[in-house]
Amino acid sequence: MKQHWVGWVITVSAILIVSFFHRFGIFDVIELKVYDFRFNRVRGPLTGWTARDSSFIKRGTDIVLVEVDDETWRLIPEEWPYPRGTVWGRIVRNLYQAGAKVIVFDIQFDAPEAKSSYLHNFVNNLDRDFILSQIPQSRDTSFADRLAGTMAFLVPRHGDKMLGEAVAEAQIFGTKVVINTKKVTEQSLQPPQYVAYPVEEIMAANPETGLINDMLDQDGFSRRYSLFDQLSHDPQTYYLTLGLKAVKMFENISDTAKPYFDPENLTFSYGGKVIPVHGYGNTFLVNYYGPASGYKVRSEKNIPAWGTFPKFSLAYILDTEDVMLKVPEEDIDWMSQFLPGKIPAWILSIEDSLERKEMLEVLGLGGDFDIKKSPFYNKIIVIGTSVETHHDYKQTPFYNYLGIQQIMPGLETHANAIQTILDENYLQVLGGKLTDLDYFPLSHGLLIAALSFLAFLILSIFNPLIAGILILLEGLVFFGVVCGLFMDDIFWLLKTFISFVLPESVVNNNQSWLHIGLPGTGLSKVIPFVAPAAGLFVTYTGNVIYKFLVEQKDKKFLKNTFGAYISPDLIDQMYAEKQEPQLGGQAGVHTAFFSDIQSFSSFSEVLEPEELVALMNEYLTEMTDILLDHKGTLDKYIGDAIVAFYGAPVAVENHEIEACNTALEMEKRLSKLREKWASSGKWPDIVHQTRHRVGISTGKIVTGNMGSKMRMNYTMMGDTVNMAARLEPAAKQYVVYILVSEFTYAAVKDNYSWRFIDNVRVKGKKKPVKIFELLSLKGELSPAEKKMVETFEKGVDFYRRQDWNKALKEFRKAEKMEEKFPFRPTTPSAVYIERCEYFKENSPGKEWDGVWEMTTK
């Protein structure tokens, strides 16, 4: 203890600090991502074609999804929102006749159907006087009465009433209907909260209702599901959520059952169901059965059909012989095969009687109808929408399953919650809660302490390097335990490693010890990973840092001494390698950056030397700060010019993006400097209009210490550097301010808005290169700027085809839209106008490749 008392203090402090951070949610977002990893990379789906063999696959799910999808959008002749009588009423009737036990609507009917209400209001207000006023030449009052009566007769019945009748009919025949509701808060009302129920005509059928209540984690993902909600002025009344109400109807739970919370065991009891909740709230973690289900065939979108739940398009459910779809070829009366006494017309059209008989037998028609063959028989049918414009999508733990980023329709999140409750397939969470802690579970603190003390024990025995490797191994083993507990297989990590070297036939053998099966019902355990792992890191880091305090003083001295001359990153590299600078370079793909002030020579004519120095110091300081903030390495200043590069001496991820962001931010900062200089009143007009040009190019660059043995500089060389240097003055010819080569453009084109400028051959180069003007971040262009770019690029297209007259027309229109300001002598549109007029008189010939030869550097 005496020898290692500082280490003990550091370790205990690490445990307390990590526990504090864990209590207040500092690690929550990362912990949630590790939680998701367990689903999409460790366990995978419980159902569907990608799932390992399990009881869930053999038994099937209790839920079928019916979706308003793109196919529905394409086939159903009515426009959205669909009529409640002719569409939703038919859907209810078809499903109850096909044997559905519960129909759950994840669609709101809390406002009257607009089309029906409009027609009925119109007819109700239609009388003799109104008709005579609209047809003044007719004085036949009996005709007006007959016309009013006829129009009232022709107006269809109100859709709300028709849907209500269908719901009542379904419930008479034993199919329960659950419709979603929403809790609404309006501060102007007293009380301010109420539940928005379906309209009166639908509620008259006595459907069940359930709240929709999105429970999103702080990263916007949906992992939890609410059991009920309450109104602030009526906390004694429990309003069940849509999923729990569906379970209630499916399992015939009594209306008198009430949710009961057991704070000791952190569970809610309801109708014989004991649901472990997430902490002291009324939500539970959904054990998602897999990614978004998809269909058997969705090749047109290139989306795999995972098949987590059976899913059908709403158009198929509606498709019977008395419904005409938009596309006759696809109107096959699909749903008729599951309705008693209904034979699809396409079967009746089969001429061969034997073939027709066989088809009827396959579909269970023609003889005794067997409703048990219906995919909807005795199932919970969840109806919702997945059309993109409806925005009813959620991100779930399977968001990145097999590397495919996908979102789940809202109706399927309800389905997963319902199936979790029905199967009692709950997740066992250590301490009752994983994130968003409103209390600190002692079990979490003990877990953090155990791993941290073990790490300190390793540090006390081995040197920092070996100890670091062993502690890393400790973290890896702990990660294996975390995943193993989730899989109900503590040897998951060992089996996974062995599986990499053994043949698949051995690994995939269900009888083999190496086979990793799915966890049984309710056997998945969840323990925190990030906070205990952070305890390892903080314990190791805190103890190791103490040993390097003296070296840090030396390093700080180096930075203070040389930081003003060379890159701080280079100082770190020199210190780490314990080497003096030597001549030599290293090749790599980097981005070169050149900037130069427009017409800088004019500044010296109107400014005193002291003023010029002060102005340049302010400008260069501001621009260099931006450069360094975006991980650029300053090479040198050449008067007013800045030379820099990205990606060396330390690798920079997305260095092309960093360079482009630097140029755009410099442009914004320079605009603010112009305003500042103008408002100060001490600078001449030319300073108020200061502009600079930037050239950016990406490619192979050699970076390193170059010069002589006596004096050297860390700089860059290469053809890419020369290209960037040529682009900056090339921008002068077109009077644009950020010019980028095609090599940089190819890497970042989707992140920004651009204007193609030209295909040029710069002076000293044989190979032409396409150059682009960087305009803004993607989506930041104004409508006028977009119009100008579109018009300009049309002109370029005609120009390259040598259609000079059409090109001139477009360029002249674009020229009127170009930005005009003092000291901008021309524009790209004006440059092309001059060229087109020249080429009209001096044709470049049919073999012309569209390349413009630049004659100046």
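Heads up: the structure comes first, above all this text.
Here's a quick rundown of the structure. (Residues numbered from 1 in each chain as written. Predicted model: local features only at pLDDT ≥ 70, side-chain atom pairs only at ≥ 80, totals over all residues. Heavy atoms only, no water.)

### Here's the deal with the overall build of the chain
Okay, step 1: Summing up its helical and strand segments, the chain has 31 helices and 27 strands in all.
Okay, step 2: Looking at the chain as a whole, 50% of its 857 residues are labelled buried.
Okay, step 3: Taking all contacts inside the chain whose residues are at least 6 apart in sequence as the whole, residues at least 24 apart take part in 69%.
Okay, step 4: Counting only carbon and sulfur atoms, one obtains 56% of the accessible surface of the chain, whose full area is about 42800 Å². (Helix = DSSP H or I, 4+ residues; strand = E, 2+ residues; numbered from the N terminus. Buried < 20%, exposed > 50% of the residue type's maximum accessible area, 1.4 Å probe, protein only. Contact = heavy atoms within 4.5 Å. Areas by Shrake-Rupley, 256 points an atom, 1.4 Å probe, with all protein chains shown as cover.)

### Re the nonpolar core
In globular proteins that are soluble, nonpolar side chains generally tend to be buried together.
Okay, step 1: Grouped together as the largest cluster of nonpolar side chains are 51 residues, with contacts concentrated most on Tyr 799 and Phe 811.
Okay, step 2: Excluding residues that lie within four positions of it along the chain, Tyr 799 makes contacts with Trp 804, Ala 807, Phe 811, Tyr 832, Arg 835, Cys 836, Phe 839, Trp 848 and Trp 852. (Core = buried A, V, L, I, M, F, W, Y, C linked by side-chain atoms within 4.5 Å.)

### A closer look at the packing of helix H29 (residues 783-800) against helix H31 (residues 828-841)
Okay, step 1: Where H29 meets H31, the axes come as close as 11 Å, and the angle between the chain directions of the two elements is 25°. One finds that H29 runs roughly parallel with respect to H31. Between H29 and H31 the crossing geometry is left-handed. Counted together, Phe 792, Val 796 and Tyr 799 of H29 and Pro 828, Ser 829, Tyr 832, Arg 835, Cys 836 and Phe 839 of H31 form the full contact between these two elements. (Axes fitted to C-alpha atoms, helices over the stretch in contact; angles between N-to-C directions. Parallel < 35°, antiparallel > 145°, perpendicular 65-115°, else oblique. Left-handed = near helix turned anticlockwise from the far one by under 90°.)

### Description of helix H5 (residues 84-97)
Okay, step 1: When the terminal C-alpha atoms of H5 are compared, their 18 Å separation across 14 residues agrees well with the 20 Å that a helix rising 1.5 Å per residue should span.
Okay, step 2: Looking at H5, one finds that the buried residues are Arg 84, Gly 85, Val 87, Trp 88, Gly 89, Ile 91, Val 92, Asn 94, Leu 95 and Tyr 96.
Okay, step 3: Those residues of H5 that are buried lie in contact with strand S1 (63-68), strand S2 (102-105), helix H9 (159-172), helix H10 (200-203), helix H12 (314-318) and strand S14 (380-385).
Okay, step 4: Positive backbone phi, at 100°, marks Gly 99, one or two positions downstream of H5. (Expected span 1.5 Å × (residues − 1).)

### Looking at unusual backbone geometry
Okay, step 1: Backbone torsion omega between Trp 80 and Pro 81 reads 0°, so that peptide bond is classified as cis.
Okay, step 2: Secondary-structure assignment places Pro 81 in the loop between helix H4 (70-75) and H5.
Okay, step 3: In this model, Gln 190 is joined to Pro 191 through a cis peptide bond whose omega is -5°.
Okay, step 4: Along the chain, Pro 191 falls in the loop between strand S3 (176-185) and strand S4 (193-196).
Okay, step 5: Its identity as a non-glycine residue notwithstanding, Asn 206 has a phi of 60°, on the positive side.
Okay, step 6: Positive phi values are uncommon outside glycine, yet Asp 436 reaches one of about 50°.
Okay, step 7: Here Asp 436 lies in the loop between strand S17 (428-429) and helix H16 (442-461).
Okay, step 8: Accessibility expressed as a relative area gives 32% for Asp 436, which makes it partly exposed.

### What to know about the packing of H29 against helix H30 (residues 804-817)
Okay, step 1: Where H29 contacts H30, the two axes come as close as 8 Å, and the packing angle between them is 160°. On the basis of the axis angle, H29 is roughly antiparallel to H30. Between H29 and H30 lies a crossing of left-handed hand. Within the contact between the two elements, H29 uses Lys 787, Met 788, Thr 791, Phe 792, Lys 794, Gly 795, Val 796, Phe 798 and Tyr 799 and H30 uses Trp 804, Lys 806, Ala 807, Glu 810, Phe 811, Lys 813, Ala 814 and Met 817.
Okay, step 2: Grouping the amino acids of the contact of H29 with H30 by side-chain chemistry returns 10 nonpolar, two polar and five charged. (Nonpolar A, V, L, I, M, F, W, Y, C, P; charged D, E, K, R; others polar.)

### Focus on the pattern of salt bridges
Okay, step 1: Within this structure, the stated rule accounts for 35 salt bridges.
Okay, step 2: Here Glu 424 ties to Lys 273 by a salt bridge, and the two come within 3.8 Å at their closest N and O atoms. Taken together, the positions of Glu 424 in the loop between helix H15 (410-423) and S17 and Lys 273 in strand S11 (residues 273-276) put the pair 151 residues apart, joining distant regions of the chain.
Okay, step 3: A residue is classified by how much of its surface remains accessible, and Glu 424, at 41% relative accessible area, is partly exposed.
Okay, step 4: Between Asp 392 and Lys 394 there is a salt bridge, and its shortest N-O distance comes to 3.2 Å.
Okay, step 5: For Asp 392, a relative accessible area of 17% puts it in the buried group.
Okay, step 6: Here the salt bridges share partners, and the residues they tie into one network are Lys 33, Asp 36, Asp 217, Asp 219, Arg 223 and Arg 224. (Salt bridge = Lys/Arg side-chain N within 4 Å of Asp/Glu carboxyl O.)

### Side note on a nonpolar patch on the surface
Okay, step 1: On the surface, Leu 454, Leu 457, Ile 461, Phe 462, Leu 465, Ile 466 and Ile 469 cluster together into a nonpolar patch covering about 690 Å² of accessible area.
Okay, step 2: The set of elements that each furnish at least two residues to the nonpolar patch consists of H16 and helix H17 (464-487).
Okay, step 3: Examined against the element boundaries, Ile 461 turns out to sit in helix H16. (Patch = residues over 30% accessible without salt bridge, like charges linked within 9 Å, V, L, I, M, F, W, Y side chains within 5 Å.)

### Remarks on the side chain of Thr 209
Okay, step 1: As for its position among the elements, Thr 209 is in strand S5 (residues 208-211).
Okay, step 2: Assessed through its relative accessible area of 13%, Thr 209 is described here as buried.
Okay, step 3: When neighbours within four sequence positions are excluded, Thr 209 is seen to be in contact with Val 178, Ile 179, Thr 181, Tyr 197, Pro 198, Met 203, Leu 240 and Lys 245.

### Quick look at the sheet that holds strand S9 (residues 260-262)
Okay, step 1: Read across the sheet, three strands follow the order S9-S10-S11 without closing on themselves; strand pairing throughout is antiparallel. Two strands lie at the open edges of the sheet, namely S9 and S11, each paired on one side alone. For this sheet, the mean inter-axis angle between neighbouring strands, taken without regard to orientation, is 25°.
Okay, step 2: Where strand S10 (residues 267-270) and S11 come together, four bridges link them in antiparallel fashion. Paired with Tyr 270 across the strands is Lys 273, a residue of S11. (Pairing = 2+ DSSP bridges.)

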